[in-house]
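Chain by chain, the residues run as shown.
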Amino acid sequence: MKFHLRVFVEIENLGKAMNALTDSGITGFYIIEYKGMSPEDWEGFSIKEDPKSAITMIKDYATDAVQICTVLNEEQIPIVEESVNKALKDDRYTIIEIPIRKIIVNYGGQEKKSKEVDVWFLEKKVPCFYCGEDTAQRIRIDMNKAKIWCTNCGATRHYIVKGSEKPGE
Amino acid sequence: MKIEPWTLKKSSKCYNCGDATIHEVNIDQYKMTIKCRECGFTRYYNFHILETPE
Ligand SMILES: [Zn+2]
Ligand SMILES: [Zn+2]
């Protein structure tokens, strides 16, 4: 199943969040800038209901923030969560995950040009060769490189592609 | 530092035959191979570097 994932961060953390998403294999996203007010900031306020007061209120009290949105496979979600948490553990962020019922894409008669970038994620729970902990070892396989890392200690083995072989050649 | 070999499976669209097939993923200390069960197309990777935590 595919999910729509939204990561809400303050604007100064946009770069960190984008790098974290890229690290976890996300290849495309879109960004929405917004003015955010958290419930704690908002509590106790009531505003005059004319539009001008409301806008002034937002200008004065709301924080500049961004929402980074992407569509991904369910299996990729824990990897994204881990990566975002690692990059932004001392910052505020919110992640919302929404299951998608259907996606319709129309290319308007044009051929889809770019080949979909395919990144695989696999996992194996075994004792880590480095820290010894019996924990998930994650594997990421790209077309030209691959890596295996321990979710406990972070020890990472990197591999690079050497070639490929078609049967009968 | 001995690393045990692993054998894993991944179902995905094959780059060669284009079908959704099972791929066998074999990993050991020095290399990784990924083979499509249907057409036999195989990609090879070599161990490059080890990155250890600070
Ligand atoms: Zn470890
Ligand atoms: Zn194949």
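Computed from a prediction, not measured in an experiment: that's the story for all the values here. (Residues numbered from 1 in each chain as written. Chains lettered and ligands numbered in written order. Predicted model: local features only at pLDDT ≥ 70, side-chain atom pairs only at ≥ 80, totals over all residues. Heavy atoms only, no water.)

Enquirer: Explain the coordination of the zinc ion (ligand 1) here, please?
Expert: Four donors placed tetrahedrally around a metal ideally meet at 109.5 degrees, and six donors placed octahedrally ideally meet at 90 or 180 degrees. Residue and element names in this part refer to chain A. For the zinc ion (ligand 1), the full set of protein donor atoms is Cys 128 (SG), Cys 131 (SG), Cys 150 (SG) and Cys 153 (SG), at a range of 2.3 Å. Coordination at the zinc ion (ligand 1) comes from four donor atoms whose angles at the metal span 104 to 114°, giving a geometry best classed as tetrahedral. For the zinc ion (ligand 1), the donor residues sit on a single chain with the sequence spacing C-x2-C-x18-C-x2-C. Take Cys 150 and Cys 153: they sit in the same class, and that class is buried. (Donors = N, O, S within 2.8 Å, 3.2 Å for Na, K, Ca; no water. Tetrahedral: all angles 85-135°; square planar, octahedral: opposite > 155°, others 65-115°. Buried < 20%, exposed > 50% of the residue type's maximum accessible area, 1.4 Å probe, protein only.)

Enquirer: What is the right way to read the side chain of His4(A) from this model?
Expert: Along the chain, His4(A) turns up in strand S1 (residues 2–10). Side-chain polar atoms of His4(A) contact the side chain of Arg6(A), separated by 3.3 Å. (Helix = DSSP H or I, 4+ residues; strand = E, 2+ residues; numbered from the N terminus. Polar contact = N/O pair within 3.5 Å; in protein donor to acceptor, adjacent residues only side chain to side chain.)

Enquirer: Sorry, what's going on with the pattern of salt bridges here?
Expert: Here the idea is simple: oppositely charged side chains can pair when their charged atoms come close. Residue and element names in this part refer to chain A. Applying the stated rule across the entire model yields 11 salt bridges over all chains. Two residues, Lys 35 and Asp 64, come together in a salt bridge whose shortest N-O distance is 2.8 Å. Linking Lys 35 in strand S2 (residues 30–36) with Asp 64 in strand S3 (residues 63–73), this pair joins segments that are 29 residues apart in sequence. Among the residues examined, Lys 35 registers a relative accessible area of 45% and is labelled partly exposed. Residue Arg 138 is joined to Glu 82 by a salt bridge in which the shortest nitrogen-to-oxygen separation is 2.2 Å. (Salt bridge = Lys/Arg side-chain N within 4 Å of Asp/Glu carboxyl O.)

Enquirer: What exactly am I supposed to notice about the sheet that holds S2(A) here?
Expert: Within a beta sheet, neighbouring strands are joined by backbone hydrogen bonds and run either parallel or antiparallel to one another. Residues and elements named next belong to chain A. In spatial order, the strands read S2-S3-S1-S4; together these four strands make up an open sheet with antiparallel pairing. Here the strands that pair on one side only, and so sit at the sheet edges, are S2 and strand S4 (93–99). Going from strand to strand, the sheet's axes swing by 25° on average, the running direction of each strand aside. Where S1 meets S3, nine bridges bridge the pair, whose relative direction is antiparallel. Its bridge partner being in S3, Lys 2 is matched across the sheet by Asn 73. Across the sheet, helix H4 (residues 77–87) is in contact with S1, S3 and S4; its angle to S4 comes to roughly 170°. (Pairing = 2+ DSSP bridges. Axes fitted to C-alpha atoms, helices over the stretch in contact; angles between N-to-C directions. Contact = heavy atoms within 4.5 Å.)

Enquirer: Got a minute to help me understand the pairing of strand S1 (residues 6–13) of chain B in this structure?
Expert: The side chains of a regular strand alternate, residue by residue, between the two faces of the sheet. Residues and elements named next belong to chain B. Along S1, the buried face is formed by Trp 6, Leu 8, Lys 10 and Ser 12; none of Thr 7, Lys 9, Ser 11 and Lys 13, which line the opposite face, is buried. Bridge count for S1 against strand S2 (residues 20–27) is eight bridges, and the pairing is antiparallel. Its bridge partner being in S2, Lys 9 is matched across the sheet by Glu 24. Hairpin connection, S1 to S2: the antiparallel pair is bridged by six residues, and Gly 18 has positive phi, about 80°.

Enquirer: How should the interface of chain A and chain B be read in this particular structure?
Expert: Note: interface size is frequently given as the accessible area lost on complex formation between the parts. Listed by partner, the interface residues are 35 residues for chain A and 33 residues for chain B. For the pairing of chain A and chain B, the buried interface totals around 3200 Å² over both sides, and the portion due to carbon and sulfur atoms is 67%. It is Trp120(A), His158(A) and Tyr159(A) that lose the most area in chain A upon contact with chain B, and together they represent 22% of the buried surface on that side. Linking chain A with chain B are one salt bridge, by the criterion used here. For the pair chain A and chain B, the interface holds 14 residue pairs in polar contact (both at pLDDT 80 or more). Taken together, the elements giving at least two residues each to the side of chain A that touches chain B come down to strand S5 (120–127), strand S6 (134–141), strand S7 (145–150) and strand S8 (156–165) of chain A. Element by element, the count of residues in the side of chain A that touches chain B is highest for S8(A), at 10 residues. Residues of the side of chain A that touches chain B, tallied by class, amount to 17 nonpolar, seven polar and 11 charged. Alignment of S8(A) against strand S4 (residues 42–51) of chain B, held across nine bridges, turns out to be antiparallel. Residue pairing for S4(B): Thr156(A) is matched across the bridge by Glu51(B). (Buried area = accessible area lost by both parts, 1.4 Å probe. Nonpolar A, V, L, I, M, F, W, Y, C, P; charged D, E, K, R; others polar.)

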